[in-house]
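Each chain, written out:
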Amino acid sequence: MTELPPLRTARFSELTPAELYGLLRLRVDVFVVEQACPYPELDGRDTEPTTQHLWFADDDGTVLSTIRVLHNGEDRAIGRVATAVSARGRGMSARLVERGIELCEGRTIDIGAQAYLEGWYERFGFRRSGPDYDEDGIRHLPMRLPAR
């Protein structure tokens, strides 16, 4: 496997305008354009003071892969896992999820996974926590990683 670029982490107030634009652009490219799901990508959770944004970028600053970690009361959530088509297969999303789990400091973590990725999330210890559901025309399922 090739070496990954440095992993970056920031809260909303710490993001530069260019970093924020890159994160949002990648998420729109993947979730809205590639997956053909017009939905409110800007849900207000990015700006919460406790939200942590994690990402990899190339030397030019182009965001290649990203996730966000949310506080949901005592629990945490990992979401908006997205990787650019050109950067897939390099292990970036896996490294981001691993780091996201570390940042959750032993809290229970929930995710809303696209159903076809159930096995991929299971490798991190996540397990199905409810029935499948439709979100914007894509089958999802709730998954949970109990506090460790």
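Everything below is about the structure printed above this text.
Residues numbered from 1 in each chain as written. Predicted model: local features only at pLDDT ≥ 70, side-chain atom pairs only at ≥ 80, totals over all residues. Heavy atoms only, no water.

Colleague: Explain the overall build of the chain to me, and be specific about the residues and the numbers.
Modeller: Summing up its helical and strand segments, the chain has 3 helices and 8 strands in all. Reading the chain from its N end, one meets helices and strands in the order β-α-β-β-β-α-β-α-β-β-β. Its C-alpha atoms give the chain a radius of gyration of 15 Å, near enough to 15 Å, the size a compact globule of 148 residues would have. With respect to the three principal axes, the spread of C-alpha positions in the chain is 40 × 35 × 35 Å. Here the chain holds 148 residues, and 43% of them are scored as buried. A separation threshold of at least 6 residues defines the contact pool for the chain, and within that pool the share at least 24 residues apart is 60%. For the chain, the accessible area works out to roughly 7,900 Å², and carbon and sulfur atoms hold 52% of it. Charged side chains of the chain number 19 positive and 24 negative; the gap between the two group centres comes to 3 Å. (Helix = DSSP H or I, 4+ residues; strand = E, 2+ residues; numbered from the N terminus. Rg over C-alpha atoms; globule rule 2.2 N^0.38 Å. Buried < 20%, exposed > 50% of the residue type's maximum accessible area, 1.4 Å probe, protein only. Contact = heavy atoms within 4.5 Å. Areas by Shrake-Rupley, 256 points an atom, 1.4 Å probe, with all protein chains shown as cover. Lys, Arg positive; Asp, Glu negative; His and termini not counted. Charge placed at Lys NZ, Arg CZ, Asp CG, Glu CD.)

Colleague: Kindly report on helix 2 (residues 92-103), identifying the contributing residues and their values.
Modeller: The terminal C-alpha atoms of helix 2 lie 16 Å apart, and with 12 residues this matches the ideal 16 Å at 1.5 Å per residue to within 8%. Buried within helix 2 are the following residues: M92, S93, A94, L96, V97, G100, I101 and L103. Where helix 2 ends, the next residue or the one after it, E105, has phi of about 45°, a positive value. (Expected span 1.5 Å × (residues − 1).)

Colleague: Hey, could you go over the pairing of strand 4 (residues 75-83) for me, with residue numbers and the actual values?
Modeller: The buried count for strand 4 comes to 8 of 9 residues, which makes it a mostly enclosed element. Both strand 3 (residues 63-72) and strand 4 contribute to a ladder of 7 bridges, which runs antiparallel. Bridging from a neighbouring strand, V69 pairs with I78 of strand 4. Between the end of strand 3 and the start of strand 4, which pair antiparallel, lie 2 residues, with G73 showing a positive phi angle near 65°. (Pairing = 2+ DSSP bridges.)

Colleague: Break down the pattern of salt bridges for me, citing the residues and quoting the values.
Modeller: Following the criterion strictly, the structure yields 14 salt bridges and no others. Ionic pairing is found between D46 and R68, a salt bridge with its closest N-O pair at 2.9 Å. With D46 in the loop between helix 1 (17-34) and strand 2 (52-57) and R68 in strand 3, the pair connects residues that are 22 residues apart, well separated along the chain. Both residues of the pair, D46 and R68, count as buried. Taken together, the shared-partner salt bridges connect R27, D43, D46, R68 and R80 into one network. (Salt bridge = Lys/Arg side-chain N within 4 Å of Asp/Glu carboxyl O.)

Colleague: Which residues make up the side chain of T51, and what are the values?
Modeller: Inspection of the secondary structure puts T51 in the loop between helix 1 and strand 2. Residues within four places of T51 in sequence aside, it is in contact with A10, R11, F12, R45, D46, R68, V69 and L70.

Colleague: Give a detailed account of the side chain of R76, specifying residues and quantitative values.
Modeller: In this structure, R76 sits in strand 4. For the buried R76, no salt bridge exists, and the shortest N-O distance to an oppositely charged side chain is 6.1 Å, to E74.

Colleague: Mind laying out unusual backbone geometry, listing which residues take part and the relevant values?
Modeller: The phi torsion at E105 lies on the positive side, around 45°, for a residue other than glycine. Topologically, E105 is positioned in the loop between helix 2 and strand 5 (109-114). Among the residues examined, E105 registers a relative accessible area of 68% and is labelled exposed. Phi is positive for D136, which is not a glycine, with a value near 55°. Looking at the element boundaries, D136 is found in the loop between strand 7 (133-135) and strand 8 (138-145).

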